Amino acid sequence: MENAQPIPATSLHHPDAPDSRRLDAATATFRMLSDPTRLHLLWLLAREPSDVGTLVEQTGASRTSVSQHLAKLRFSGLVTTQKQSRRVIYSLADGHLTRLVMEGLNHADHKVTGEPAHD
């Protein structure tokens, strides 16, 4: 692609104060992250796309619980699906969410271990 333009660094920086629509959207995302099982699922999906059976094994939660949480995450737009033969593979919707999940758990690691905060 000769005309492909790189994504400008400014697309990652939004200096204007968030309006109510953006605050509502962010709040909805944080609400979905507030459940330990959903957060665990998102962390697993940040590492690699997976099907329900794999996520059940990795979380230790029931198949019903995992399926219900994945449905909520899909409905909220945080995960996407792709059909591979008879399996449905779940993935995180975007890199912003991956970074948010990883940073949230890195922050928690500091809280739990007592490691000093850093930039």
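Reading guide: rules and limits
- Residues numbered from 1 in each chain as written.
- Predicted model: local features only at pLDDT ≥ 70, side-chain atom pairs only at ≥ 80, totals over all residues.
- Heavy atoms only, no water.
- Helix = DSSP H or I, 4+ residues; strand = E, 2+ residues; numbered from the N terminus.
- Buried < 20%, exposed > 50% of the residue type's maximum accessible area, 1.4 Å probe, protein only.
- Contact = heavy atoms within 4.5 Å.
- Areas by Shrake-Rupley, 256 points an atom, 1.4 Å probe, with all protein chains shown as cover.
- Axes fitted to C-alpha atoms, helices over the stretch in contact; angles between N-to-C directions.
- Parallel < 35°, antiparallel > 145°, perpendicular 65-115°, else oblique.
- Left-handed = near helix turned anticlockwise from the far one by under 90°.
- Nonpolar A, V, L, I, M, F, W, Y, C, P; charged D, E, K, R; others polar.
- 1 Å grid on protein atoms, 1.4 Å probe; cavity = no way out; pocket = protein on both sides within 12 Å on 5 of 7 lines; lining within 4 Å.
- Points joined across faces, edges and corners; volume = space filled by probe spheres on them.
- Core = buried A, V, L, I, M, F, W, Y, C linked by side-chain atoms within 4.5 Å.
- Polar contact = N/O pair within 3.5 Å; in protein donor to acceptor, adjacent residues only side chain to side chain.

**Comments concerning the overall build of the chain**
Consideration 1: Across its full length, the chain carries five helices and two strands.
Consideration 2: In sequence order, the secondary structure elements of the chain are arranged as α-α-α-α-β-β-α.
Consideration 3: Across the 119 residues that make up the chain, the buried fraction comes to 22%.
Consideration 4: For the chain, long-range pairs separated by at least 24 residues make up 50% of all intrachain contacts whose partners lie at least 6 apart in sequence.
Consideration 5: For the chain, the exposed surface amounts to about 9,000 Å²; the carbon and sulfur share of it is 53%.

**Details of the packing of helix α1 (residues 20-33) against helix α5 (residues 95-113)**
Consideration 1: Between α1 and α5, the least distance of the axes is 12 Å, while the angle of their chain directions is 50°. When the axis of α1 is compared with that of α5, the two are oblique. Handedness of the crossing formed by α1 with α5: right-handed. Residue-level inspection shows Thr29, Phe30 and Leu33 of α1 in contact with α5, the latter providing Leu97, Leu100 and Val101.
Consideration 2: Split into classes, the residues belonging to the contact of α1 with α5 amount to five nonpolar, one polar and no charged.

**Examining the layout of surface pockets**
Consideration 1: For the second largest pocket, the calculated volume is near 190 Å³.
Consideration 2: Looking at the lining of the second largest pocket, its residues break down into one nonpolar, four polar and four charged.

**A short note on the nonpolar core**
Consideration 1: Core analysis: the biggest nonpolar cluster contains 19 residues, and Leu42, Val66, Leu70 and Leu73 have the highest contact counts within it.
Consideration 2: Among the secondary structure elements, those contributing two or more residues to this core are α1, α2 (36-47), α3 (52-59), α4 (63-75), β2 (87-92) and α5.
Consideration 3: Counting residues per element, this core draws most heavily on α2, at four residues.

**So, the environment of threonine 59**
Consideration 1: Looking at the element boundaries, threonine 59 is found in helix α3.
Consideration 2: As for threonine 59 and leucine 41, which are separated by 18 residues in sequence, their C-alpha atoms are 7.4 Å apart.
Consideration 3: Residues in contact with threonine 59, not counting those within four places in the same chain, are His40, Leu41, Leu44 and Val66.
Consideration 4: Only 3.1 Å separates the side chain of threonine 59 from the backbone nitrogen of alanine 61, close enough to count as a polar contact.

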